[in-house]
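Examining the three-dimensional arrangement
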Amino acid sequence: MNDAVRVESLYKTYDNGVTALDGVSAAFASGTFTAVMGPSGSGKSTLLQCAAGLDEPTAGRVFIGGTELTATKDTARTKFRRGRVGFVFQDYNLLPSLTVEQNVLLPLRLAGKRRKDPKAILGRLGLGDRTHELPERLSGGQRQRVAVARALVTEPAVIFADEPTGALDMRSAREVLTLLRAVVHEFGRTVVMVTHDPVAAAHADSVLFLADGRLAGSLARPTAEAVAERLAHLGDLTTRIAA
Amino acid sequence: MIAIALRNLKHRPGGFIATFVSAFLGAALLMAFASLMDTGDSESLTTTATVGGGWCLVIVAFAVTSTLSLSVRQRADQVALLRSAGATGPQLRRMIVGEAAAIAVLASAAAVPVGWVLGRVLLSLLKDTGQVDAGVGYQFGAIALGTGFGVTLLGAVAAAWATARRTAGNAGGKPERPRLRRIGAVLFLLAGANCSILTATVMDGKGVDAMQTAGQAGIWAAIGLALLAPELLRMVTAVVGPVVRALGGVAGELAVTGVHSRSRQLAGAVMPVVLFTGVATGTVYMQGIEDRAAEGQIQPEYAQDIQTLNYVVVGMIALFVAVMLVNTLIAATARRRREFAQHRLAGATRGQLLAMVSLEVVLVAITGVLGGSVAALFTIVPFGSARAGHLWPDASPWQYAVIVTLAVLLTAAATVQTTRRTLRGPATAAIRA
Ligand SMILES: Nc1ncnc2c1ncn2[C@@H]1O[C@H](COP(=O)(O)OP(=O)(O)OP(=O)(O)O)[C@@H](O)[C@H]1O
Ligand SMILES: [Mg+2]
């Protein structure tokens, strides 16, 4: 099986001296749904952003579908990224001045690709009648579904999602998670999702744990209980290291 | 709340620079002219002070008001946050007005030495042209300080109060009242038209005196048209938009969509372009007409005064408006950091964003130059009729070309440079802040 995403010894030290990633190597196989978990500040967001080409690691390499992302400069990286990588943020990051439809089509337009009809995908996400609405008129769950649609529109090999359900109620969260699962199992895409919620993580095929910027194990076929237990251990571990 | 206001000033000084700069320069100009009244009460001094100071007063009050309301409106998110934390409308109003008052006082204080120097320069100019006795000593006193501090403080507080009522008044934050703005615009335009008609009728044959009303006509009209900036911008976009879209590709499309949904913010950029083009074109061509009309005529002796004065005043005002233009554009662009970052996260390259902003500049510049040119006609046409007997000046168009080029260059340079700076670093850092 080939890897959709592979990161090799990623290090990231921010300008203020904080080391957020301390040598992370991992591979995410095509057509899988992986959750990334760990205590707050363990480097999950940093890992996702470096892997997605949104930020540059201090050292290490990132491969998307076998192509090295870290070898390219900003503009080239952006052009590569917008065709191959989708990203979903906790706080949506939709453009407030664009309608739902314009937001969804934005990556395609920026890439100079032919526009396609977003009706099908928006209809599937239950947003068929909101296409000409501005984001400010939508609920959090609806906005996040628009963000997922936008991440899917270029048919990327991989979609990264950073706490996509962090701001949602249980029902909206379940809708978004079901959607992400369908993206993987029906359309064969790869999803890497950061979450704090063991129930959300249980929707994934496997869970990767992160602590203090390093890998701290993984769990296949996760259940909410098993994940919660591992997290509790991880908490103990980091407290002990800190002490 | 006053404590929060002061903390805001200390913590986020960047957000207040625009207001500070316009208040500072405005106060300096006012102090310079007013100090001539402190110096003495000869006719030349009083004329210079009232004519020059009068024009400045209008422009300065408008500049301070518009930059201040821009900066208050752009902090709507902070106001909303405080509101949700339990701050009441009156508390927020006190905070916003408190900030404005503090900035106005600081800016006026900083303006004292500059105003003093400018006032001296004015006086020595008047002495050099023999309009004031060489023995007169320069005085910088109560009138200069009173006018400088008074107008700046009053303008700032009034603007803050009015804007705060809208921003902090209701929880929904319905920030605009276009009807009030439009009524204001119509009133200014009527005042301008009134001065134009007076110039062409009552002042016909009064020679150089017609400059007073003609000059005012242009300034009132420029302010009126500046207030109509959102409407003008939408009109220009409706006409030029399809071309921009066709030539600019995605960037063009984004620029045009941006104008439609952000016409109010972009209007803030149009305003100073209107003022600059209007005031500069109007006065330069008026002086041109006057110079030609005066050739070979016997002039009242104060004609000389007014001519020197006009160039000095125009120079100062044009400089002030140019600084305000750059100042406003930098502030308005820097605040789009988050929006730019969101575009980049959606896949826009830096190049695409720069192209988008440049096309916006095209729309802003066309609108501003158009508005300014119309305002200038309020001065030029009636003055030409009164002084030279024909409506259209037989002057060369190159001065106009220089003014327009300058306006476009300043607009483009300020916006594109700021955008470039705003796009530094990874986009993820910009959305976290
Ligand atoms: N832009 C930044 N500048 C400086 N330090 C940063 C920056 N972003 C993150 N950090 C630091 O890097 C570390 C890892 O941050 P990161 O956001 O990756 O954690 P996280 O695992 O996503 O946490 P959370 O679960 O709270 O979102 C933290 O100590 C954080 O303070
Ligand atoms: Mg995070």
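Because the structure is a prediction, the values reported are computed rather than measured.

Counting its secondary structure elements, chain B contains 15 helices and zero strands. Radius of gyration (C-alpha) of chain B: 23 Å, near the 22 Å computed for a compact globule of 433 residues. Within chain B, the fraction of its 433 residues that count as buried is 54%. Taking as baseline every contact in chain B between residues at least 6 positions apart, the subset at least 24 positions apart corresponds to 86%. Summed over its atoms, the accessible surface of chain B is roughly 17700 Å², and 67% of this surface lies on carbon and sulfur atoms. One way to put it: in chain B the 34 positive side-chain charges average out to a point 23 Å from where the 20 negative ones average out.

Tallying secondary structure elements over chain A gives eight helices and ten strands in all. Taken against the 2.2 N^0.38 rule, which gives 18 Å for 243 residues, the C-alpha radius of gyration of chain A at 18 Å falls within 12% of a compact globule. With the C-alpha coordinates aligned to their principal axes, the bounding extent of chain A is approximately 55 × 40 × 40 Å. Within the span of chain A, comprising 243 residues, buried residues form 52% of the whole. Pairs at least 24 apart in sequence give 67% of the contacts found in chain A among residues at least 6 apart. When the accessible surface of chain A is totalled, it reaches about 10700 Å², and 49% of it is carbon and sulfur. Distance between charge centroids for chain A: 7 Å, based on 30 positive and 26 negative side chains.

Before going further, it helps to examine the site of ligand 1. Close to ligand 1 lie 15 residues, the nearest being Ser40, Lys44, Ser45, Thr46 and His196 of chain A. One chain alone does not account for the residues near ligand 1; they come from chains A and B. Ser45 of chain A is positioned such that a nitrogen or oxygen atom in its side chain is 2.8 Å from an oxygen atom of ligand 1. Bound to the protein, ligand 1 loses 71% of the 640 Å² it would expose on its own. Here the shell around ligand 1 gets three residues from one element, more than from any other, and that element is helix 1 (residues 44–51) of chain A.

All names here are of chain A. With antiparallel pairing, the four strands of this open sheet are ordered in space as 2-1-4-5. Edge positions in the sheet fall to strand 2 (19–29) and strand 5 (67–68), since each of these pairs with one other strand and no more. Where strand 1 (residues 3–13) and strand 2 come together, eight bridges link them in antiparallel fashion. Bridge pairing in strand 2 links Val5 to Phe28.

As recorded in UniProt, the sites labelled "domain: ABC3 transporter permease C-terminal" (unreviewed entry) are residues 56–166 and 312–424 of chain B. Taken end to end, residues 312–424 of chain B is 84% helix and 0% strand, and its two terminal C-alpha atoms sit 41 Å from one another.

Our next topic: the packing of helix 7 (residues 178–200) of chain B against helix 13 (residues 350–387) of chain B. Residues and elements named next belong to chain B. The N-to-C vectors of helix 7 and helix 13 enclose an angle of 15 degrees; their axes lie 8 Å apart at closest approach. The pairing of helix 7 with helix 13 is recorded here as roughly parallel in orientation. You can see that helix 7 and helix 13 cross each other, and the crossing is right-handed. The segment helix 7 lies against helix 13, with Leu189, Gly192, Ala193, Ser196, Thr199 and Ala200 engaging Phe378, Pro382, Phe383, Ser385 and Ala386. Here the contact of helix 7 with helix 13 is built from residues that sort into seven nonpolar, four polar and no charged.

A separate point is helix 3 (residues 43–73) of chain B. Over its 31 residues, helix 3 of chain B extends 44 Å from the first C-alpha to the last, a length consistent with the 45 Å expected when each residue adds 1.5 Å. Buried residues dominate helix 3 of chain B, accounting for 22 of its 31 residues.

Time to look at helix 4 (residues 76–84) of chain B. Residue and element names in this part refer to chain B. Listed as buried for helix 4 are Gln78, Val79 and Leu82. All buried residues of helix 4 fall inside an arc of 100 degrees around its axis, so they share one side. Exposed residues pointing more than 90 degrees away from the buried face of helix 4 are listed as Asp77, Leu81 and Ser84. Directly after helix 4, the chain includes Gly86, whose backbone phi takes a positive value near 110 degrees.

What follows deals with the interface of chain B and chain A. On the side of chain A, 25 residues touch chain B, which itself brings 21 residues to the contact. Taking both sides of the interface into account, the surface hidden between chain B and chain A amounts to around 2000 Å²; carbon and sulfur atoms contribute 55%. Area buried by chain B at its contact with chain A is led by Gln342, Leu345 and Ala346 of chain B, which between them contribute 23% of it. On the surface where chain B and chain A come into contact, there are three salt bridges. Between Arg350 of chain B and Asp74 of chain A there is a salt bridge, with the nearest N and O atoms lying 2.9 Å from each other. Applying the counting criterion to the chain B and chain A interface returns eight residue pairs in polar contact (both at pLDDT 80 or more). Within the residue set of the side of chain B that touches chain A, elements represented by two or more residues are helix 9 (229–261), helix 12 (337–345), helix 13 and helix 15 (427–432) of chain B. Of the residues assigned to the side of chain B that touches chain A, the class counts are seven nonpolar, eight polar and six charged.

What follows concerns the sheet that holds strand 3 (residues 33–37) of chain A. Backbone-to-backbone hydrogen bonds pair the strands of a sheet. The strands run either parallel or antiparallel. Residues and elements named next belong to chain A. Strand order in the open sheet made by the six strands is 6-7-8-3-9-10, with mixed pairing throughout. Two strands bound the open sheet, and with one partner strand each, they are strand 6 (85–88) and strand 10 (214–220). The sheet shows a mean angle of 20 degrees between the axes of neighbouring strands, direction not considered. Bridging between strand 9 (residues 206–211) and strand 10 involves five bridges; their strand directions are antiparallel. Note on strand 10: the bridge partner recorded for Leu208 is Ser218. Helix-sheet contacts for helix 1 involve strand 3, strand 6, strand 7 (158–162), strand 8 (190–194) and strand 9, and the interaxial angle to strand 7 is about 155 degrees.

For the rest of this paragraph, the subject is the nonpolar core. Ranked by internal contacts, the top residues of the largest apolar core, which has 122 residues, are Phe276, Ile317 and Met356 of chain B. For this core, the element with the highest residue contribution is helix 10 (residues 263–294) of chain B, accounting for 14 residues. Among the domains, domain 1 (1–175) and domain 2 (177–433) of chain B are the pair contributing at least three residues each to this core. Of all hydrophobic cores here, the second largest spans 42 residues; its members include Leu138, Val207, Phe209 and Ala211 of chain A.

Here we take up the packing of helix 3 of chain B against helix 5 (residues 89–128) of chain B. Two measures define how a pair of helices packs: the angle their axes make with one another and the distance between the axes. Residues and elements named next belong to chain B. Two numbers describe how helix 3 lies on helix 5: the axes approach to 13 Å, and their chain directions differ by 150 degrees. Our classification of the angle between helix 3 and helix 5 gives roughly antiparallel. Viewed along their axes, helix 3 and helix 5 form a crossing whose handedness is right-handed. Residues Leu45, Thr48, Leu68 and Val72 of helix 3 touch helix 5, and the partners they reach there are Ile96, Ala100, Leu123 and Leu126.

Residue and element names in this part refer to chain A. Inspection of every chain in the model, using the stated rule, returns 20 salt bridges over all chains. In this structure, Glu175 and Arg145 form a salt bridge, with 3.5 Å as the shortest nitrogen-oxygen distance. Of this pair, Glu175 sits in helix 6 (residues 170–185) while Arg145 sits in helix 5 (residues 140–152), and the two are 30 residues apart along the sequence. Taking the relative accessible area as the measure of exposure, Arg145 reaches 15% and is therefore buried.

Conventions and cut-offs
- Residue numbers here run from 1 along each chain, matching the order of that chain's written sequence.
- Each chain gets a letter, beginning with A, and each ligand a number, beginning with 1, in the order they are written.
- Two thresholds apply to this predicted model, a pLDDT of at least 70 for residue-level local features and 80 or more for giving and counting side-chain atom pairs, whereas whole-chain, interface and lining totals are computed over all residues.
- As a rule here, side-chain values come from all non-hydrogen atoms in the structure, and water together with hydrogens is ignored.
- Where helices and strands are cited, they refer to DSSP runs of H or I of at least four residues and of E of at least two residues respectively, numbered from the N terminus.
- As defined in this context, the radius of gyration uses C-alpha atoms, and a globule is described by 2.2 Å times the residue total to the power 0.38.
- Note on classification: 1.4 Å probe, protein chains only; a residue is buried when its accessible area is under 20% of the maximum for its type, exposed when over 50%, partly exposed between these limits.
- Here, two residues are considered to be in contact whenever any of their heavy atoms come within 4.5 Å of each other.
- Computed with a 1.4 Å probe, the accessible areas rest on the Shrake-Rupley method; for each residue, only the protein chains presented here act as cover.
- In this tally Asp and Glu are treated as negative and Lys and Arg as positive; neither His nor the chain ends contributes.
- We put the charge of a Lys on NZ, of an Arg on CZ, of an Asp on CG and of a Glu on CD.
- Neighbouring residues are identified by heavy atoms, a residue being near a molecule or strand if any of them is within 4 Å of it.
- Polar contact criterion, stated in full: a pair of N or O atoms within 3.5 Å, where within protein one must be able to donate a hydrogen and the other to accept it, and residues adjacent in sequence count only if both atoms are side-chain atoms.
- Think of it this way: DSSP has to see at least two bridges between two strands before they count as a pair.
- UniProt positions are given in the numbering used here, feature names are shortened, and annotations may be inferred rather than shown by experiment.
- Helix axes are fitted only over the stretch in contact, all axes being lines through C-alpha atoms; the angle between N-to-C directions runs from 0 to 180 degrees.
- With respect to orientation, any angle under 35 degrees is reported as roughly parallel, any angle over 145 as roughly antiparallel, any angle of 65 to 115 as roughly perpendicular, and every other angle as oblique.
- Crossings are classed by handedness, with left-handed meaning an anticlockwise turn of the near helix from the far one by less than a right angle and right-handed meaning a clockwise turn.
- Asp, Glu, Lys and Arg are counted as charged, while Ala, Val, Leu, Ile, Met, Phe, Trp, Tyr, Cys and Pro are counted as nonpolar; the rest, among them Gly, fall into the polar class.
- One less than the number of residues in a helix, times 1.5 Å, gives the span that helix is expected to have.
- The arc refers to the directions leading from the helix axis to the C-beta atoms.
- Summed over both partners, the accessible area lost on bringing two parts together, with a 1.4 Å probe, is the buried area.
- By salt bridge we mean one thing: a side-chain nitrogen of Lys or Arg within 4 Å of a carboxyl oxygen of Asp or Glu.
- In this description, a nonpolar core means a group of buried Ala, Val, Leu, Ile, Met, Phe, Trp, Tyr and Cys residues linked to one another through side-chain atoms lying within 4.5 Å.
- For every domain, the bounds stem from an assignment made automatically or drawn from a database.

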